[in-house]
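# Architecture at a glance
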Amino acid sequence: MLYAIDVSHHQSPRALDWAGMRQAGSDLCIVRLTYGTRADERAKEHIARARDNGFAIGAYAFARTVEPVLDQFHAFWAAAAAADYGRPEDVIPALDMED
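Within each chain, residue numbers correspond to sequence positions counted from 1 in written order. This being a predicted model, a pLDDT of at least 70 is required before a residue's local features are given, and a value of 80 or more before pairs of side-chain atoms are given or counted; all residues contribute to the totals for chains, interfaces and linings. Values shown for side chains rest on all heavy atoms present in the structure; no hydrogens or waters enter the calculation.

### Some words on the layout of surface pockets
Lining residues are defined by having an atom within 4 Å of a point belonging to a cavity or pocket. Those points lie on a 1 Å grid over the protein atoms alone, cavities being sets where a 1.4 Å probe fits but cannot get out and pockets being open sets with protein on both sides within 12 Å along at least five of seven lines. Grid points are joined across faces, edges and corners, and a volume is the space filled by probe spheres set on the points. Of the pockets and cavities examined, the largest pocket occupies roughly 270 Å³. Residue lining of the largest pocket: 17 residues in total, with Ala 61, Ala 63, Gln 72, Phe 73 and Leu 95 positioned closest to the centre. Going along the chain from the N terminus, every DSSP run of H or I of four or more residues is numbered as a helix, and every run of E of two or more is numbered as a strand. Secondary structure elements with two or more residues in the lining of the largest pocket: β4 (56–63), α3 (69–82) and β5 (94–97). No other element matches α3, which puts five residues into the lining of the largest pocket. In terms of residue class, the lining of the largest pocket is built from eleven nonpolar, four polar and two charged. Residue polarity follows a fixed list, in which Ala, Val, Leu, Ile, Met, Phe, Trp, Tyr, Cys and Pro are nonpolar, Asp, Glu, Lys and Arg are charged, and the others, Gly among them, are polar.

See the structure below:
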């Protein structure tokens, strides 16, 4: 079984007990990279701290129905590059559609 955590700008990377989450059995950290066309300002630090603690890295885009899909796609890949997501060992990205 694989256990994962999901983080976004709502969680401060400095406040999370990364080592404790790994010791508790979490293997994967899924980081929100974008909310529509806006980059998540904490994504890069989340990814760096997760990597430093041995997590596999995944990422997701929170898609918004009120914004053009292609603009969101481009924003996601720009955010991925800025946050150092997309290494060969990284988990394929996911799409979160809620609104």
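### Side note on the pairing of β4
Relative accessibility decides the category of a residue: with a 1.4 Å probe and only protein chains considered, values under 20% of the type maximum give buried, values over 50% give exposed, and everything between is partly exposed. Most of β4 is tucked away, with seven of its eight residues classed as buried. One requirement defines pairing of two strands: DSSP has to find at least two bridges between them. Here strand β2 (residues 28–35) pairs with β4 via seven bridges, running parallel. Residue pairing across strands places Val 31 opposite Ala 59, the latter belonging to β4. Where β4 and β5 come together, four bridges link them in parallel fashion. For Phe 62, the partnering residue across the bridge sits in β5 and is Asp 96. Here the term right-handed applies to a crossover when the path leading from its first strand over the helix to its second strand runs clockwise, the strands being oriented away from the viewer. One crossover worth recording links β4 to the parallel β5 by way of α3, and it is right-handed.

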